[in-house]
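Summary of structural features
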Amino acid sequence: MYTGPNLQNDIFTLLLEWRRYKVAIAADCEKMFRAIWINEDDQPLQRIIWRDNSHDQLQEYQLTTVTYGTKAAPYLAMMTLRQLASNKKERFPEAAQIVENNFYMDDLILAVPSIEDALKIKADPTNLMKAGGFNLRKWKSNYKVLSENSCQEGQCNFDLTHTKSTKTLGLYWNPEKDDFVFQCKINKQDQHTKRSLLSAISQLFDRLGWLTPLSTKMKLLFQEVWETNMAWDDKLPKNIHQEWQSIKCDLVNINNVEIPRWLGYDDTCRLELHGFCDASQKAYGCVIYIKVIKQNKVDIKLIVGKSRLVPCKKEVSLPRLELCGALLLSEVMIKIKQALSPDVDIKVHGWTDSMAVLGWLQGNPDRWKPFVSNRVRKIVEVMPLALRQVCRKSCRLRQPRPDCKSTEISSNMVARPSMAIHHRQFYTRNLSLHYLRRSKNYKAS
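The sections below set out a description of the structure shown in this document. (Residues numbered from 1 in each chain as written. Predicted model: local features only at pLDDT ≥ 70, side-chain atom pairs only at ≥ 80, totals over all residues. Heavy atoms only, no water.)

This brings us to the sheet that holds strand 6 (residues 136-141). The antiparallel open sheet is built from 4 strands, whose spatial order is 4-5-1-6. Because the sheet does not close on itself, it has two edges, and the strands there are strand 4 (103-104) and strand 6. Across 2 bridges, the pairing between strand 4 and strand 5 (residues 107-112) is antiparallel. Paired with Phe103 across the strands is Leu108, a residue of strand 5. Across the sheet, helix 1 (residues 11-18) touches strand 1 (23-29), strand 4 and strand 5, and the angle it forms with strand 5 is around 35°. (Pairing = 2+ DSSP bridges. Helix = DSSP H or I, 4+ residues; strand = E, 2+ residues; numbered from the N terminus. Contact = heavy atoms within 4.5 Å. Axes fitted to C-alpha atoms, helices over the stretch in contact; angles between N-to-C directions.)

Next comes the structure, spelled out in C-alpha cells:
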C-alpha cells in the first residue's frame, strides 16, 4: 500500500500561529476516518475476518471507510478535507482557508483577534464540514461565551485527560487560564531496561522545546546507555539506574509548568525576537524570546527552545559546536518570524558568547573551510550585520563562565522560570537579564 505524500500541516507552525491572537478556538472532527468512504473498487482490499468470541464461526467483513492504522489513512483523510475546501471555496472562502491551513488530522486549532471574529469563523467551517458529511464538535475557547454556545449544541462532552485541561496536539491546554500545561505519566514502578527508558523518554512531547533543559538531560542519559551496547531488555547499569531514578522523581515538577498561550501583542505593539545560543562538548542549543513593547511597557515571553546532541563518534571542536548552535538559532528564528507575523517587520537579535563564531560571521566565508563556510552563509542570510554587532557587544558585557551543562538543570527550573533564568549554568542567564533591565517596567513570563 502506498503511503502518499505528507499533507499534514506542520505542528510547530500551527502552535506558533495559535499564539498570535487573543481569542483561541479548538475543535474536533467527529470520527473523521469513518466519515470518508472508500471507492467500491478498492473496498475488497480491506476485507477482514472477525468473530466476537472463540465459539462463533469466522465471518468475513469488508471495510467501506478509511481504516485507521493503514499507511494511506493520513493522506486520504487530509486530501479529502482539502478537496472539500476546494469544492466549497466560492461559498465559504474564509472557511476553506481555515480547513486547509488549521487542521492537524482531526484537530482544528485557530486564534483570532476578537470574539466577533470567532463567532463568525466558528459558523462557517461548521457548515462547510457538514457539506462533506463531517461534524465539528467539542468546541473550546478561552472565552466562555464560545464554549457555552458549543454546549448548547450538545458538543460540550470533551474527553479530558484531567479535570480542567483539553489535550491539544500532544500538549494540554487549559482554556480557563489560557495556558499550556504538561502532565507527567511515567510510571515510577516501571522495569528499568533500555527499552523502558526509551519508551519513557518518547512520552515527553515537547514540540516547541519548552522543556529542553530536561529533555536534553534525558537524551544524554539514553546516549550513555546506547554506548554500552547492552540488549534492549537488559537491566540498566547501577549508575545509570540511579540517575534515571533521580530524573523520574524530578519529572513530577513539569506538572507545575504553565506557558501562556497568547504572546500578548496586537497591531499597536512593536515586536523584537531575541535568541540565545550556546554549546558544550555534549550538546548545543538555543532559546528564543519575544519582546513586546507597548506604550513604553515591555513584556517578555518564551517562544521556543531547541537542542541537539553531539554525535558520540564525531570529535568536533567547541568553537564549531558554538557555530552549530548559531546555525540552529538562525533556522528556528526564520520559522518563528514567518509564523508569527509574515507581513510585519520584526527586529531580530541574536546573542552568543563565542568570539570565534562572531569572527567567522564578520569575515569572508570563502576564507574558511567548508564546514565553517557553509554554515556562516546560512546564518548571514537570517542575521544581518547589525545583529552581529549586537552579539559582539553582548560578549563584552558577559562574565567568563563554564559552558552550559544540561545535566545540571532540573525540572524545578523549568517549573519556575525565574529560577532557571538566574541559574549560573542556564544559557540565557546574564544576557536576558541585562537586556530586560534596560526597561524599568519589564515583565518576564
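From this point, the narrative continues.
It is worth spelling out the packing of helix 2 (residues 73-87) against helix 3 (residues 93-101) at this point. The N-to-C vectors of helix 2 and helix 3 enclose an angle of 165°; their axes lie 9 Å apart at closest approach. Between helix 2 and helix 3, the angle falls in the class roughly antiparallel. In this structure, helix 2 meets helix 3 at a crossing whose hand is left-handed. On helix 3, the residues touching Leu81, Arg82, Ala85 and Ser86 of helix 2 are Ala96, Val99 and Glu100. Its residues assigned to classes, the contact of helix 2 with helix 3 shows 4 nonpolar, 1 polar and 2 charged. (Parallel < 35°, antiparallel > 145°, perpendicular 65-115°, else oblique. Left-handed = near helix turned anticlockwise from the far one by under 90°. Nonpolar A, V, L, I, M, F, W, Y, C, P; charged D, E, K, R; others polar.)

What follows covers unusual backbone geometry. Phi is positive for Lys31, which is not a glycine, with a value near 45°. Following the sequence through the fold, Lys31 ends up in the loop between strand 1 and strand 2 (47-50). One non-glycine residue, Met105, lies in the positive phi region at around 55°. Mapped onto the elements, Met105 comes out in the loop between strand 4 and strand 5.

In terms of nonpolar packing, the biggest core is built from 77 residues, with Leu16, Trp18, Ile290, Ile303, Ile336 and Leu340 touching the most fellow members. At 12 residues, the largest contribution of residues to this core is made by helix 9 (residues 318-340). With 34 residues, the next largest nonpolar core counts Ile98, Val112, Ala118 and Met129 among its residues. (Core = buried A, V, L, I, M, F, W, Y, C linked by side-chain atoms within 4.5 Å. Buried < 20%, exposed > 50% of the residue type's maximum accessible area, 1.4 Å probe, protein only.)

In this section: the layout of surface pockets. Empty space within the second largest pocket amounts to approximately 470 Å³. Mapped by element, the contributors of at least two residues to the lining of the second largest pocket are helix 1, helix 3, strand 5 and helix 4 (115-131). For the lining of the second largest pocket, the class distribution of residues is 9 nonpolar, 3 polar and 5 charged. (1 Å grid on protein atoms, 1.4 Å probe; cavity = no way out; pocket = protein on both sides within 12 Å on 5 of 7 lines; lining within 4 Å. Points joined across faces, edges and corners; volume = space filled by probe spheres on them.)

Within strand 12 (residues 283-294), 11 of the 12 residues are buried, leaving the element largely enclosed by the surrounding structure. Bridge analysis of strand 11 (residues 270-279) against strand 12 gives 10 bridges, and the strand direction is antiparallel. By the bridge assignment, Phe276 is partnered in strand 12 with Val287. Connecting the antiparallel pair strand 11 and strand 12 is a turn made up of 3 residues. What sits between the antiparallel neighbours strand 12 and strand 13 (residues 297-309) is a turn of 2 residues, in which Gln295 has the positive phi angle 50°.

The residue Asp234 is located in the loop between helix 7 (212-226) and helix 8 (238-251) in this model. Within polar-contact distance, the side chain of Asp234 engages the backbone nitrogen of Ala231 at 3.1 Å. (Polar contact = N/O pair within 3.5 Å; in protein donor to acceptor, adjacent residues only side chain to side chain.)

Our next topic: the environment of Pro74. Along the chain, Pro74 falls in helix 2. Residue classification places Pro74 among the partly exposed positions, given a relative accessible area of 34%. Sequence-wise, Pro74 and Pro5 are 69 residues apart; in three dimensions their C-alpha atoms are separated by 9.4 Å.

Bringing the environment of Ala123 into the picture now. Structurally, Ala123 is set in helix 4. Sequence separation between Ala123 and Ala95 is 28 residues, and the spatial gap between their C-alpha atoms is 8.9 Å.

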